[in-house]
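Chain residues, written in single-letter form:
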Amino acid sequence: EREALPHLTFERDQLEAEQMHKEEVDIAQKPLSKSGYLYKGPFPDEQGGFSMSAKSYRKRWFDLKGGASYGGYTLIYYRDDKSSSMKGKVNLEMCTDIRKNSKYRSCGFDLITEDDKIFFPLAAENERELE
């Protein structure tokens, strides 16, 4: 049988690992802010008796705010980019999945909650905006 070689850690490996960890922590602590237009389908509290279709999507201005050190991420939406009155928000910490959904819009996606019962339908104008 072959004798196992001892595991050696070199100073350079240790320094690289520490630098990578520091960069990961820095990224997690930086606040995130991203804004842009998305099309918003009816959210769960708005769906009572409302049938969803491509026409039920409304163009709204969205702000993604937050970060790990800020208690999570929130998606806030407004009527347009000039509006200061928030129309609603989604706590992204309660969302566990993002699923592509092009049933009503070609660049559509759903934010899914943990219990898989509540979803938030959204869509981008095009693939570039989807990023």
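Keep in mind it's a predicted model, so treat the numbers as computed, not measured.

*Asks:* Looking at this structure, I do not really get the nonpolar core. What am I missing?
*Replies:* As a rule of thumb, soluble globular proteins bury nonpolar side chains together. Membership of the largest hydrophobic core comes to 14 residues, with the highest contact counts inside it found for Leu75, Val90, Leu111 and Leu122. Contributing elements (two or more residues each) for this core: strand E2 (58-67), strand E3 (72-78), strand E6 (108-113) and strand E7 (119-123).

*Asks:* Before we go on, may I ask you to explain the side chain of Asp63 in this structure?
*Replies:* Its location among the elements puts Asp63 in strand E2. With no salt bridge to any partner, buried Asp63 finds its closest opposite charge in Lys65, at an N-O distance of 4.5 Å. Here Ser35 takes part through its side chain, which lies 2.3 Å from a polar atom of the side chain of Asp63.

*Asks:* What should I look at first to understand the pattern of salt bridges in this one?
*Replies:* Opposite charge on two side chains permits them to pair, given that their charged atoms come into close proximity. Applying the stated rule across the entire model yields two salt bridges. Across the pair Asp81 and Lys82 runs a salt bridge whose closest N-O atoms are separated by 3.7 Å. Of the residues examined, Asp81 reaches a relative accessible area of 39% and is grouped as partly exposed.

*Asks:* What am I meant to see in the layout of surface pockets here?
*Replies:* To find leftover empty space, one rolls a probe the size of a water molecule over the atoms. Considering only enclosed or pocket space, the largest pocket measures out at about 530 Å³ in volume. Looking at the largest pocket, it is lined by 18 residues, and the ones nearest its centre are Leu38, Leu64, Leu75, Phe109 and Leu130. For the lining of the largest pocket, the element with the highest residue contribution is strand E1 (residues 32-40), accounting for five residues. Grouping the constituent residues of the lining of the largest pocket by class yields 12 nonpolar, two polar and four charged.

Procedures and definitions
Residues numbered from 1 in each chain as written. Predicted model: local features only at pLDDT ≥ 70, side-chain atom pairs only at ≥ 80, totals over all residues. Heavy atoms only, no water. Core = buried A, V, L, I, M, F, W, Y, C linked by side-chain atoms within 4.5 Å. Buried < 20%, exposed > 50% of the residue type's maximum accessible area, 1.4 Å probe, protein only. Helix = DSSP H or I, 4+ residues; strand = E, 2+ residues; numbered from the N terminus. Lys, Arg positive; Asp, Glu negative; His and termini not counted. Salt bridge = Lys/Arg side-chain N within 4 Å of Asp/Glu carboxyl O. Polar contact = N/O pair within 3.5 Å; in protein donor to acceptor, adjacent residues only side chain to side chain. 1 Å grid on protein atoms, 1.4 Å probe; cavity = no way out; pocket = protein on both sides within 12 Å on 5 of 7 lines; lining within 4 Å. Points joined across faces, edges and corners; volume = space filled by probe spheres on them. Nonpolar A, V, L, I, M, F, W, Y, C, P; charged D, E, K, R; others polar.

Just geometry here; none of it tells us what the structure is for.
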